[in-house]
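# A closer look at the structure
So the chains spell out like this:
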Amino acid sequence: MSTAAPSPSTPSIEKGNIEDMVEIFDADSSETSKSDSALRSMPALTAEEERTLWRKVDMRLVPIATALYLVSYLDRGNIGNAKLQGLLTQLSLTSNRYSIALTMFYLGYCIFTSPANLLLKRCGPSKWIPGLALAWGIVATLMGLAKTYPQFVGLRLCLGVAEAGLSPGVYYLLTLWYPRHMLQWRFGLFWGGATFSGAFSGLLAYGISFMSGAGGLLGWSWIFIIEGLISIVVAIVAFIVFVDLPETANFLSPKERAFLLRRLRDDNAAGEEAHFELRHVTEAILDWKVIMGCVINVTVTSGLYSGALFLPSIINGFGFNAAFSQLLSVPPYVVATATVIICSLYSDRIRMRSPFVFLGLTLAFIGFAINISNTSVGAKYFGTYFVVTGAYLGAPMVIAWLGNNIVGHYKRGVAIGMQVMFGNIAAIIICNVYRVQDAPRYIPGHTAELAMLAVGLLLVPITVFIYSHRNRQRSKLLAESDREPGAVRGRGVYTEQELKRMGDRAPTFLYTL
């Protein structure tokens, strides 16, 4: 079940940069009124013209965004592959040192997400995001030349800082360009880059492992160097093709731009306020929906990061050699990538998110349950398919689900910023429960995963029940209001301004399940 009318696709911006983004969206009331009238008067596109419009937008945004996300996840997660190629021994990453090296990335990521978004506004997405990619590509390459543990940990921190602005920046652009119920398909393609990076990383690591000893460097060094150089190449391409805002899209005709902007404006029955107030921040922080969405996101992303950072080691613990373990980590990610894209398309068609979040949690739970048990190697390897597919399926769905149910440019921005923050807190937890000394079975890590996934499996149905109950209440309230004297059909006795101020509490707004 979905809303009575889709809500506008608007910028989802990270917590901390709300006031600095006001200039992009705000206009004085007279200018807004004139703009709204102009947009409403624009002629509609034919069905074929509209398909052409979205194809143009897709081709300019999705491929390069997906490529950037692929190489970013490649550079943050390839430490799991490097671990099997001499990294632990050469840099003495014994005991908790490896966990600390992993944690430093996410510490830098959490701290600098908001400052990165401030610079996004000032520099422009088409310059800032490719610039970030160039920066993390250079840092990733330098990681391959690290000679000591402190050098390596410092570079991991810098990598987290450099990558911090990518995810919020790209989510910002996608939500600005697409209506609400066209987003999940694009989120799925974008997230598919992160998912496929697991397969790509395994294949690269397998090939690169044969370079060990070349130039006096072990295999782990070449993994970082070559994959870092790939990021630099993608960053250069991004500088050429990346776009900014719909208003400045010179690859669209004036008629297409006007249609797109009108479609975004008309995407919400309740309407959205176009000015910033401090209450938007406090409402998001105190909203039960946001808190629930953040906790569910922790349970989903915990499985994601355990797979990304530890899957090669888990497979290696089955008794395979290092090179073959890299190769065996590829198929689960191929299956997961296909599953994410197919389910994202279907999710937009039925306008529902929760069934796919619940499915992802269930699959991951089954996978970890298999791997913690004392069963055969074949069964445990089969379980890794469930782990990877479930974790990567749920991650983009839970972000879209909360975004669909929050009305207001700035309230939605704070909400998604909180989700990103909580997701990376989950990564810090995972880095410290999967310890080197617990290999090969990683029982403490698997136990913690099962506990977090169980919490998610409990919270998703509770959230759906509350949403469904409130949808029925609102439908009944609006029907009664429509029968009152002076009521306008579809909004009752409420004025447009009242509905805008109520946002996702308006009786005209129904939650997406």
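Residues numbered from 1 in each chain as written. Predicted model: local features only at pLDDT ≥ 70, side-chain atom pairs only at ≥ 80, totals over all residues. Heavy atoms only, no water.

### Considerations on the overall build of the protein chain
Across its full length, the protein chain carries 21 helices and zero strands. Here the protein chain holds 513 residues, and 58% of them are scored as buried. In the protein chain, 84% of the contacts between residues at least 6 apart in sequence involve partners at least 24 apart. Carbon and sulfur atoms make up 67% of the accessible area of the protein chain, which amounts to about 19200 Å² in all. (Helix = DSSP H or I, 4+ residues; strand = E, 2+ residues; numbered from the N terminus. Buried < 20%, exposed > 50% of the residue type's maximum accessible area, 1.4 Å probe, protein only. Contact = heavy atoms within 4.5 Å. Areas by Shrake-Rupley, 256 points an atom, 1.4 Å probe, with all protein chains shown as cover.)

### Overview of the packing of helix α3 (residues 47–77) against helix α12 (residues 254–265)
Closest axis-to-axis distance for the α3/α12 pair is 11 Å, and the angle between their directions is 85°. Looking at the two axes, α3 sits roughly perpendicular to α12. Of α12, the residues touching α3 (which contributes E49, E50, L53, W54, K56 and V57) are K255, E256, F259, L260 and R263. Broken down by class, the residue content of the contact of α3 with α12 amounts to five nonpolar, no polar and six charged. (Axes fitted to C-alpha atoms, helices over the stretch in contact; angles between N-to-C directions. Parallel < 35°, antiparallel > 145°, perpendicular 65-115°, else oblique. Nonpolar A, V, L, I, M, F, W, Y, C, P; charged D, E, K, R; others polar.)

### Some details on unusual backbone geometry
If you check the backbone angles, S92 has positive phi at about 55° while not being a glycine. Mapped onto the secondary structure, S92 falls in the loop between α5 (87–90) and α6 (97–123). Take S92: its relative accessible area is 36%, and that puts it in the partly exposed class. You will see that R351, though not glycine, has its phi angle at about 55°, which is positive. Looking at where R351 falls in the secondary structure, it is placed in the loop between α16 (330–350) and α17 (354–372). For R351, a relative accessible area of 30% translates into the label partly exposed.

### Describing helix α8 (residues 149–163)
Taking 1.5 Å of rise per residue, 15 residues should cover 21 Å, and α8 covers 21 Å from first to last C-alpha, within 8% of that figure. Three or more residues of α8 are buried, namely Y149, F152, V153, L155, R156, L159, G160, A162 and E163. (Expected span 1.5 Å × (residues − 1).)

### With respect to the environment of P332
Along the chain, P332 falls in helix α16. With 56 residues separating them in the primary sequence, P332 and V388 have C-alpha atoms 6.3 Å apart. Leaving out residues up to four positions away in the same chain, P332 has contacts with Y381, T384, Y385, V388 and T389.

### Some thoughts on the side chain of Q419
As for its position among the elements, Q419 is in helix α19 (residues 409–433). Each residue touching Q419, except ones within four places of it in the same chain, is listed here: G293, C294, N297, V398, I399 and L402.

### Concerning the packing of aromatic side chains
Applying the stated criterion to the full structure yields 17 aromatic pairs. Consider the rings of Y69 and F190, whose centres lie 4.2 Å apart with planes at 15°: the pair is stacked. Of this pair, Y69 sits in helix α3 while F190 sits in helix α10 (residues 183–208); the two residues are 121 residues apart in sequence, bridging distant segments of the chain. A ring pair is formed by F152 and F224, whose centres lie 5.8 Å apart and whose planes are at 55°; its orientation type is tilted. One end of the pair, F152, is in helix α8; the other, F224, is in helix α11 (residues 219–241), and 72 residues separate them in sequence. Take F224: its relative accessible area is 0%, and that puts it in the buried class. Here a set of aromatic residues connected by ring pairs shows up, and it is made of W288, W401, Y467 and Y511. Positioned above the aromatic ring of Y73, the side-chain terminus of R76 is 4.1 Å from the ring centre. In this structure, R97 packs its charged tip against the face of Y149, placed 4.3 Å from the ring centre. (Phe/Tyr/Trp six-rings, centres within 6.5 Å; stacked < 30°, edge-to-face > 60°. Lys NZ or Arg CZ within 6 Å of the ring centre and 35° of its normal.)

### Quick word on the pattern of salt bridges
For the coordinates displayed, the defined rule picks out nine salt bridges. Between E48 and R55 there is a salt bridge, with the nearest N and O atoms lying 3.4 Å from each other. When the shortest N-O distance is used, the salt bridge between D348 and R353 registers 3.1 Å. The exposure classification of D348 matches that of R353, with both residues buried. (Salt bridge = Lys/Arg side-chain N within 4 Å of Asp/Glu carboxyl O.)

### Section: a nonpolar patch on the surface
A cluster of nonpolar side chains, namely L107, I111, F112 and L157, defines an oily patch on the protein surface of about 320 Å² accessible area. Looking at the nonpolar patch, the element that brings in the most residues is α6, giving three residues. Mapped onto the elements, L157 comes out in helix α8. Judged by its relative accessible area of 30%, L157 is partly exposed. (Patch = residues over 30% accessible without salt bridge, like charges linked within 9 Å, V, L, I, M, F, W, Y side chains within 5 Å.)

### Some details on helix α18 (residues 377–404)
Turn by turn, an α-helix covers 3.6 residues, leaving residues three or four places apart pointing in a common direction. Taking 1.5 Å per residue as the helical rise, α18 with its 28 residues ought to reach 40 Å, and the 41 Å between its terminal C-alpha atoms agrees with that figure. Within α18, 22 of the 28 residues are buried, which leaves it mostly tucked inside the rest of the structure.

### Overview of the packing of helix α7 (residues 125–143) against α11
Where α7 meets α11, the closest approach of the two axes is 7 Å, and the angle between their N-to-C directions is 165°. Between α7 and α11, the crossing angle belongs to the class labelled roughly antiparallel. Crossing hand, α7 versus α11: left-handed. On α11, the residues touching S126, K127, P130, G131, A133, L134, W136, G137, I138, A140, T141 and M143 of α7 are W220, F224, I225, G228, L229, S231, I232, A235, A238 and F239. Taken together, the residues of the contact of α7 with α11 sort by class into 15 nonpolar, six polar and one charged. (Left-handed = near helix turned anticlockwise from the far one by under 90°.)

### Quick look at the nonpolar core
Counting 125 residues, the largest nonpolar core has V57, F152, W177, Y178 and W191 as its most contacted members. Leave out the neighbours within four places in its chain, and F152 touches I79, L87, L91, L93, A101, M143, A146 and F224. V281, A284, L402 and M418 belong to the second-largest nonpolar core, a separate cluster that totals nine residues. (Core = buried A, V, L, I, M, F, W, Y, C linked by side-chain atoms within 4.5 Å.)

### Remarks on the confidence of the model for the protein chain
Per-residue confidence for the protein chain gives a mean pLDDT of 79, with 82% of residues at or over 70. Per-residue pLDDT, averaged within each element of the protein chain, yields its smallest value for helix α1 (residues 22–25) (35) and its largest for α17 (93). (pLDDT = per-residue confidence, 0-100.)

### Quick notes on the environment of G408
One can find G408 in the loop between α18 and α19. Of the residues examined, G408 reaches a relative accessible area of 12% and is grouped as buried. Sequence spacing of G408 and D504 is 96 residues, and the spatial spacing of their C-alpha atoms is 8.0 Å.

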